[in-house]
Amino acid sequence: MQTDREVTRIVRSWMEEGATALPDRVLDAVLDQVPATSQRRSWWPSWRFTDMNNLLKLAMGAAAVLVVALVGYNLLPRSGGVGAPVQTPSPSPSPSPSPSFEAATGPLQPGTYIVDDPTLTTVPFTLTVPSGWTARDDGVIVKAEDQPAWLEIQPWNVTHTYADACGAEPGFAEIGPTADDLVRALEDQEGSDASTPVEVTVGGYPAKRIVMSVPVEQDPSTCRFAPNELIQIWANAEETRWFAIPVDHASLPRLVVYVVEVDGERAVILAGHKDSASPSAIAELQTVFDSIAFQP
Amino acid sequence: MDPELVRRVQHGDEEAFASLAVAVGDRLHAVAHRILRDTDLAEDATQQALLTIWRDIHQLRDPARFDAWSYRLLVRACYAEGRRIRRWSPNLRLLPTDVPAPNELDLVVDRDQLERAFRRLSINHRAVVVLHHYLDLSLEDVADTLGVPPGTVRSRLHHAMRGLRAALDADARPIAREVS
């Protein structure tokens, strides 16, 4: 039996062996292709601080109050997610952000931000965060990551779901463009359980709330993505960004899927928290989530 | 990496990119080779990562974060090459055997054993092991590089090292052998 230290030493020593130098012919091949390879111009930054004037801030606050007044609060501990039951299908008014922006990643100052990177969301939206939140450069907004009060919101432009959440190969299932297409794909996915969709509103638009879970009969040790740790739900085409759910939620937040229909476009937002989050932390997540305003 | 050099590349300076590619090529190739364990695939992944750096460098908002960003692109290229591995690798499986263990194997850790154990890991898990144990990145930096939560990195590293350890232990007591 090897000790942990011995295994680490063996692995580190072994890693030092092997090729390092990149052959000149490979470098030459790269440089030969550069003149014929156009550089892609950047999109708007995924997170932009909206330098809204006071009137707009007031309008935003009024809109948030209106939404809360229309739909009421639905706190997380009972519902297992943020969002509220549908009481009105009409969209809420949403203020237009100022055209003056600056990129925002890393720790966020309290304020209102817009997410409009098309790789993250099909419909731009704003949301307002208090202090302590961070924007990761993969588009995820978090607070207290890795801590008991871990809160998280993820925008998603979902293009590929896995046919089998525990499949041995990526096996993407094709999905159509509508909200119902995604809901059906999640319900039909092998190797995962999708809760019965609950109709809610998000940002004033009709949405469905779904909780994905690992079936009790599933043997997670056989799952390709991270055996005994995670099962795969969806990913981008390159499989460089995933939504995977943990077998055990002790160390990761329990994320809820919101599939929103915004004027015929499908927007997807995940939101959730660790089971250990306090009621006040969950209320903060609820407030941030309620501040979402789509900009179709 | 010199942020000024990165900025020049962002302005479309091909000579600056050549300098940058020379500066990072060996390092990227070394990492790719350790993740993929295959010379041809590692060269392809490095080539693809360098071209992606040129093409997408405008997506890098902070030039000071070039190293982490370039590793992320490289790991992404390794995933793509890893899928080729799965398509072309022979189907390996483990079968029990009654062949007794030679005594000397009880004490000798052979690099081939580690190689086989490492190849059984997914690319996701290999990348975490290489970034942490070869590049000496902290787990937080690995998470930042891969764009996943630190908890996921810890989980993957734990799983990978557990797998390597189990394989090393098992290979030191060869109650099984690989057959194609």
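Look a little higher up for the structure.
What comes next is a walk through the structure. (Residues numbered from 1 in each chain as written. Chains lettered and ligands numbered in written order. Predicted model: local features only at pLDDT ≥ 70, side-chain atom pairs only at ≥ 80, totals over all residues. Heavy atoms only, no water.)

**Here's the deal with the interface of chain B and chain A**
- On the chain A side, the residues contacting the 62 residues of chain B number 57 residues.
- For the chain B and chain A pair, buried surface summed over both sides reaches about 5400 Å², with 56% attributable to carbon and sulfur atoms.
- The three residues of chain B that bury the most area against chain A are His58(B), Arg61(B) and Arg165(B), which together make up 12% of that side's buried surface.
- The interface formed by chain B and chain A includes two salt bridges.
- Of the charged contacts in the structure, one is a salt bridge between Arg12(A) and Asp136(B), with a shortest N-O distance of 2.8 Å. (Contact = heavy atoms within 4.5 Å. Buried area = accessible area lost by both parts, 1.4 Å probe. Salt bridge = Lys/Arg side-chain N within 4 Å of Asp/Glu carboxyl O.)

**Comments concerning the nonpolar core**
- Phe17(B), Leu20(B), Ile35(B), Leu50(B), Ile53(B) and Phe66(B) are the most contacted members of the largest nonpolar core, which has 77 residues in total.
- The element that contributes the greatest number of residues to this core is helix 2 (residues 14-36) of chain B, accounting for 11 residues.
- The next biggest cluster of nonpolar side chains, apart from the first, holds 32 residues, and it includes Tyr113(A), Val256(A), Tyr258(A) and Ile292(A). (Core = buried A, V, L, I, M, F, W, Y, C linked by side-chain atoms within 4.5 Å. Buried < 20%, exposed > 50% of the residue type's maximum accessible area, 1.4 Å probe, protein only. Helix = DSSP H or I, 4+ residues; strand = E, 2+ residues; numbered from the N terminus.)

**Digging into the pattern of salt bridges**
- With the rule as written, the count across this model stands at 13 salt bridges over all chains.
- Among the ionic pairs, Glu284(A) bridges to Lys143(A), the shortest N-O distance being 2.8 Å. Of this pair, Glu284(A) sits in helix 6 (residues 279-290) while Lys143(A) sits in strand 8 (residues 141-143), and the two are 141 residues apart along the sequence.
- In this structure, Glu4(B) and Arg7(B) form a salt bridge, with 3.7 Å as the shortest nitrogen-oxygen distance. Note that Glu4(B) and Arg7(B) are positioned in helix 1 (residues 3-10) at a spacing of three residues, about one turn of the helix.

**Digging into the packing of aromatic side chains**
- In total, this model carries 10 aromatic pairs over all chains according to the counting rule given.
- Ring geometry for Phe66(B) against Trp69(B): centres 6.1 Å apart, planes inclined by 55°, an arrangement best described as tilted. Here Trp69(B) and Phe66(B) lie together in helix 4 (residues 66-88), a separation of three residues that amounts to about one turn.
- The buried category is assigned to Phe66(B), whose relative accessible area is 0%.
- Every member of this aromatic cluster is reached through a ring pair, and the members are Phe125(A), Tyr205(A) and Phe294(A). (Phe/Tyr/Trp six-rings, centres within 6.5 Å; stacked < 30°, edge-to-face > 60°.)

**Some details on the state of the cysteines**
Residues and elements named next belong to chain A.
- With the rule as written, the count across this model stands at one disulfide over all chains.
- A sulfur-sulfur distance of 2.0 Å marks the disulfide that ties Cys 166 to Cys 223. What sets the handedness of the Cys 166 and Cys 223 disulfide is the S-S torsion sign, and at about -100° it is left-handed. With a gap of 57 residues between them, Cys 166 in the loop between strand 10 (160-162) and strand 11 (172-174) and Cys 223 in the loop between strand 15 (212-213) and strand 16 (230-235) connect regions that are remote in the sequence. Each member of the pair Cys 166 and Cys 223 is classed as buried. (Disulfide = S-S within 2.5 Å.)

**Looking at the environment of Arg126(B)**
Residue and element names in this part refer to chain B.
- Within the element layout of this structure, Arg 126 appears in helix 6 (residues 123-133).
- Residue classification places Arg 126 among the buried positions, given a relative accessible area of 5%.
- As a C-alpha pair, Arg 126 and Val 75 span 51 residues in sequence and 9.8 Å in three-dimensional space.

**Quick notes on a negative patch on the surface**
- Taken together, Asp24(A), Asp28(A), Asp32(A) and Asp26(B) make up a surface patch of like negative charges.
- No other element matches helix 2 (residues 24-33) of chain A, which puts three residues into the negative patch.
- By the secondary structure assignment, Asp28(A) is in helix 2.
- Given the relative accessible area of 42%, Asp28(A) is considered partly exposed. (Patch = residues over 30% accessible without salt bridge, like charges linked within 9 Å, V, L, I, M, F, W, Y side chains within 5 Å. Areas by Shrake-Rupley, 256 points an atom, 1.4 Å probe, with all protein chains shown as cover. Lys, Arg positive; Asp, Glu negative; His and termini not counted. Charge placed at Lys NZ, Arg CZ, Asp CG, Glu CD.)

**Overview of empty space enclosed by the protein**
- Across all of its chains, the model carries four cavities of 30 Å³ or more by this definition.
- Approximately 320 Å³ is the volume attributed to the largest cavity.
- Taken together, 25 residues make up the lining of the largest cavity; nearest its centre are Gln154(A), Trp242(A), Ala244(A), Pro149(B) and Thr152(B).
- Among the elements of the structure, strand 9 (151-156) and strand 17 (242-246) of chain A together with helix 8 (150-172) of chain B are those that each provide at least two residues to the lining of the largest cavity. (1 Å grid on protein atoms, 1.4 Å probe; cavity = no way out; pocket = protein on both sides within 12 Å on 5 of 7 lines; lining within 4 Å. Points joined across faces, edges and corners; volume = space filled by probe spheres on them.)

**Topic: the sheet that holds strand 10 of chain A**
All names here are of chain A.
- One open sheet accounts for four strands, arranged 11-10-16-17; its pairing is antiparallel. The open sheet terminates on both sides in strands that have one partner only, identified here as strand 11 and strand 17. Ignoring strand direction, the axes of neighbouring strands in this sheet form an average angle of 35°.
- Here strand 16 runs beside strand 17; their pairing, made up of five bridges, is antiparallel. Each residue of the ladder has a partner; that of Leu 230, found in strand 17, is Pro 246. (Pairing = 2+ DSSP bridges. Axes fitted to C-alpha atoms, helices over the stretch in contact; angles between N-to-C directions.)

**A few points about the environment of Asp188(A)**
- Along the chain, Asp188(A) turns up in helix 5 (residues 179-188).
- Between the C-alpha atom of Asp188(A) and that of Ala173(A), which follows or precedes it by 15 residues, the distance is 10.0 Å.

**A few points about the packing of helix 2 of chain B against helix 3 (residues 39-56) of chain B**
All names here are of chain B.
- Running from amino to carboxyl end, helix 2 crosses helix 3 at an angle of 145°, the nearest separation of the two axes being 8 Å. In this structure, the crossing between helix 2 and helix 3 has a hand that is right-handed. Contacts from Glu 14, Phe 17, Leu 20, Ala 21, Val 24, Gly 25, Leu 28, His 29, Ala 32, His 33 and Leu 36 of helix 2 reach helix 3 at Thr 39, Leu 41, Ala 42, Glu 43, Ala 45, Thr 46, Leu 50, Ile 53 and Trp 54.
- Across the contact of helix 2 with helix 3, the residue classes break down as 13 nonpolar, five polar and two charged. (Left-handed = near helix turned anticlockwise from the far one by under 90°. Nonpolar A, V, L, I, M, F, W, Y, C, P; charged D, E, K, R; others polar.)

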